[in-house]
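So you can see what is in the structure, the chains are spelled out below.
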Amino acid sequence: MKYFRIITPTGWLVIAAVAVVLFGLAGLARPSFFGLKFDPFGIDARKIDRLETEVSVLEREATGSAEIAAATQTFHTREVVIRELSRNAEIEARKAPDAETPLDPDRVARIRAADNRLCEAYPAICPDPELAGGGADAVPVADVAG
């Protein structure tokens, strides 16, 4: 306490003025520092707006991610079902009683043309796009002359 006796009343006034200025600056920078709702520069309002915008963006991203995940799952499920149905249809067609019966050449040409159009439009569905136009005959052609 003997150190405080050195400070004169004028010194105490200077210390008090500096403290008031520091608290005043702190109050201007952050009005809630004093527990006040007064915000003359809109600092808290801008911060609230920025945070609300960030929350909105994050919500949209989460919604988009959920939609993408659902669409991916739906696509995968459909792809599995389509492959299974195609495989079953192929096995059934190969086991059919007329599977070895030759077809009319005009019908074979129409079927091959339809296959080629599909392979040109969607190359991913063809087992081998290189053979789409001129592969080996999967369907025997009937000999019309003979």
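Residues numbered from 1 in each chain as written. Predicted model: local features only at pLDDT ≥ 70, side-chain atom pairs only at ≥ 80, totals over all residues. Heavy atoms only, no water.

### Here we look at the overall build of the protein chain
No. 1: Helix and strand content of the protein chain: three helices and zero strands.
No. 2: In the protein chain, the succession of α and β elements from N to C terminus is α-α-α.
No. 3: When contacts within the protein chain are restricted to residue pairs at least 6 apart in sequence, long-range pairs at least 24 apart make up 40% of them.
No. 4: Taken as a whole, the protein chain presents about 12600 Å² of accessible surface, with 64% of it coming from carbon and sulfur. (Helix = DSSP H or I, 4+ residues; strand = E, 2+ residues; numbered from the N terminus. Contact = heavy atoms within 4.5 Å. Areas by Shrake-Rupley, 256 points an atom, 1.4 Å probe, with all protein chains shown as cover.)

### Thoughts on the pattern of salt bridges
No. 1: On inspection of all chains with the given rule, the structure shows three salt bridges.
No. 2: For the salt bridge of E79 with R83, the shortest nitrogen-to-oxygen distance reads 2.7 Å. One end of the pair is E79 and the other is R83, both in helix α2 (residues 43-95) and four residues apart, which spans about a single turn.
No. 3: On the accessibility criterion, E79 (28% relative accessible area) is partly exposed. (Salt bridge = Lys/Arg side-chain N within 4 Å of Asp/Glu carboxyl O. Buried < 20%, exposed > 50% of the residue type's maximum accessible area, 1.4 Å probe, protein only.)

### Points about a nonpolar patch on the surface
No. 1: A surface patch of nonpolar side chains, about 460 Å² in accessible area, is lined by V14, V18, V21, L22 and L25.
No. 2: Assignment of secondary structure puts L25 in helix α1 (residues 9-29). (Patch = residues over 30% accessible without salt bridge, like charges linked within 9 Å, V, L, I, M, F, W, Y side chains within 5 Å.)

### Some details on helix α3 (residues 105-121)
Residues spaced three or four apart along an α-helix point in a common direction, a consequence of the helix completing one turn every 3.6 residues.
No. 1: Here α3 is 17 residues long and its end C-alpha atoms lie 24 Å apart, about the 24 Å a rise of 1.5 Å per residue gives.
No. 2: For α3, the set of buried residues is V108, N116 and C119. The buried residues of α3 occupy an angular sector of 70° when projected down its axis, which confines them to one face. Turned more than 90 degrees away from the buried face of α3, the exposed residues are D106, R110 and R117. (Expected span 1.5 Å × (residues − 1). Arc of directions from axis to C-beta.)

### Here we look at the confidence of the model for the protein chain
No. 1: Of all residues in the protein chain, 73% have pLDDT values of 70 or greater, and the mean over the chain is 80.
No. 2: Per-element mean pLDDT across the protein chain ranges from 82 in α1 up to 92 in α2. (pLDDT = per-residue confidence, 0-100.)

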